[in-house]
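Listed below, chain by chain, are the residues.
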Amino acid sequence: MKLIVSVHFEDAQATRARAAAVAFEAWDAAEATRTYVSHIAHVEPAVRGTLDLRELPCVMQLLREHKLEPELILIDGFVHLDGGETPGLGQHIFHALGGSVPIVGVSRRRLPGLTAQFEVMREEDEEAQPLLVTCAGIDLGAAKARLRAMHGRKRVPTLMKLVARLAKNKD
């Protein structure tokens, strides 16, 4: 099983969070095979001037709580912050899992150190902005091809939209 994970901070002070995951088997799947949600009662505050890693313990709690052992994890964010592989959230998740689970980071926003080699176009629209892909434990070309194959006609794949909604839902 492959997972897409997302974390949403529930309050203005970002002291509570919801972590969500969507499981799927085929890269072109239109629907999740299963969904998971974990409520995180306490999140440590961000430390000014350092990489924000508040999502890391949330993702790890989600995996532990639901006894998930995915073959690959996609995150909404960066594995590396630049072409020199400065570690981002995804790299920290990769190491926390012992380097055994490939991590693919997908982001809508651009970072200065990421060149065109990290871009993926999912739409035919010439005006559309590319997604940025970084990864650990999987070849960049393979990660980009799999992202292109994901279901959805727009820029962001269907299952990535679903996991974001699940993380933000307040039910």
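So, how was this worked out
- Residues numbered from 1 in each chain as written.
- Predicted model: local features only at pLDDT ≥ 70, side-chain atom pairs only at ≥ 80, totals over all residues.
- Heavy atoms only, no water.
- Pairing = 2+ DSSP bridges.
- Helix = DSSP H or I, 4+ residues; strand = E, 2+ residues; numbered from the N terminus.
- Contact = heavy atoms within 4.5 Å.
- Axes fitted to C-alpha atoms, helices over the stretch in contact; angles between N-to-C directions.
- Buried < 20%, exposed > 50% of the residue type's maximum accessible area, 1.4 Å probe, protein only.
- Patch = residues over 30% accessible without salt bridge, like charges linked within 9 Å, V, L, I, M, F, W, Y side chains within 5 Å.
- Areas by Shrake-Rupley, 256 points an atom, 1.4 Å probe, with all protein chains shown as cover.
- Salt bridge = Lys/Arg side-chain N within 4 Å of Asp/Glu carboxyl O.
- Lys, Arg positive; Asp, Glu negative; His and termini not counted.
- Charge placed at Lys NZ, Arg CZ, Asp CG, Glu CD.
- 1 Å grid on protein atoms, 1.4 Å probe; cavity = no way out; pocket = protein on both sides within 12 Å on 5 of 7 lines; lining within 4 Å.
- Points joined across faces, edges and corners; volume = space filled by probe spheres on them.
- Nonpolar A, V, L, I, M, F, W, Y, C, P; charged D, E, K, R; others polar.
- Phe/Tyr/Trp six-rings, centres within 6.5 Å; stacked < 30°, edge-to-face > 60°.
- Lys NZ or Arg CZ within 6 Å of the ring centre and 35° of its normal.

**Student:** Would you take a moment to explain the sheet that holds strand S1 (residues 2–9) for this structure?
**Tutor:** Overall, mixed pairing links the 7 strands, which are arranged S3-S2-S1-S4-S5-S7-S6 in an open sheet. Among the strands making up the open sheet, the edge pair consists of strand S3 (34–40) and strand S6 (119–120). Relative to S3, strand S2 (residues 17–24) runs antiparallel, the two sharing 7 bridges. Each bridged residue has a counterpart across the sheet, and for alanine 23 the counterpart in S3 is arginine 34. On top of the sheet, helix H4 (residues 158–168) reaches S1, S2, S3, strand S4 (72–76) and strand S5 (103–107); it is set at about 150° to S2, its chief contact.

**Student:** What exactly am I supposed to notice about the side chain of arginine 54 here?
**Tutor:** Structurally, arginine 54 is set in the loop between S3 and helix H1 (55–65). Among the residues examined, arginine 54 registers a relative accessible area of 18% and is labelled buried. Not counting chain neighbours up to four residues away, the residues in contact with arginine 54 comprise Phe9, Ala14, Val43, Glu44, Pro45 and Ala46.

**Student:** In this structure, what is going on with a positive patch on the surface? I would like to understand it.
**Tutor:** Taken together, the side chains of Arg153, Lys154, Lys161 and Arg165 present a region of like positive charge at the surface. Inspection of the secondary structure puts lysine 161 in helix H4. For lysine 161, a relative accessible area of 37% corresponds to the partly exposed category.

**Student:** So what exactly am I meant to see when it comes to empty space enclosed by the protein here?
**Tutor:** Where empty space is left in the structure can be found by rolling a water-sized probe over the atoms. Using the criterion set out here, one finds 2 cavities of 30 Å³ or more in the structure. In this structure, the largest cavity spans a volume of roughly 80 Å³. In terms of lining residues, the largest cavity is bounded by Ile4, Val5, Ser6, Asp76, Val106, Arg108, Leu131, Val156, Pro157, Met160, Val163 and Ala164. When contributions to the lining of the largest cavity are tallied by element, the ones reaching two or more residues are S1 and H4. A volume near 30 Å³ is recorded for the second largest cavity. Lining the second largest cavity are Trp27, Leu74, Val104, Ala143, Arg146 and Leu147. With 3 residues, the single largest contributor to the lining of the second largest cavity is helix H3 (residues 140–149). Across the lining of the second largest cavity, the residue classes break down as 5 nonpolar, no polar and 1 charged.

**Student:** Just checking my understanding: could you explain the layout of surface pockets for this structure?
**Tutor:** Approximately 570 Å³ is the volume found for the largest pocket. Lining the largest pocket are 25 residues, and of these Glu55, Asp76, Gly77, Leu89 and Arg109 lie nearest its centre. Put simply, the parts of the chain that give the lining of the largest pocket at least two residues each are S1, H1, S4, helix H2 (89–96) and H4. The element best represented in the lining of the largest pocket is S1, accounting for 5 residues. Among the residues forming the lining of the largest pocket, the class breakdown is 13 nonpolar, 5 polar and 7 charged.

**Student:** I would appreciate a short explanation of the packing of aromatic side chains in the present structure.
**Tutor:** Think of a pair of aromatic rings as described by two things: how far the centres are apart, and how the planes are tilted against each other in angle. Evaluated as defined, the whole model comprises 1 aromatic pair. A centroid spacing of 5.4 Å and a plane angle of 75° characterise the contact between phenylalanine 24 and tryptophan 27, whose relative ring orientation is edge-to-face. Here phenylalanine 24 and tryptophan 27 have matching classes, each one buried. The ring of phenylalanine 9 carries the charged tip of arginine 54 above its face, separated from the ring centre by 4.3 Å.

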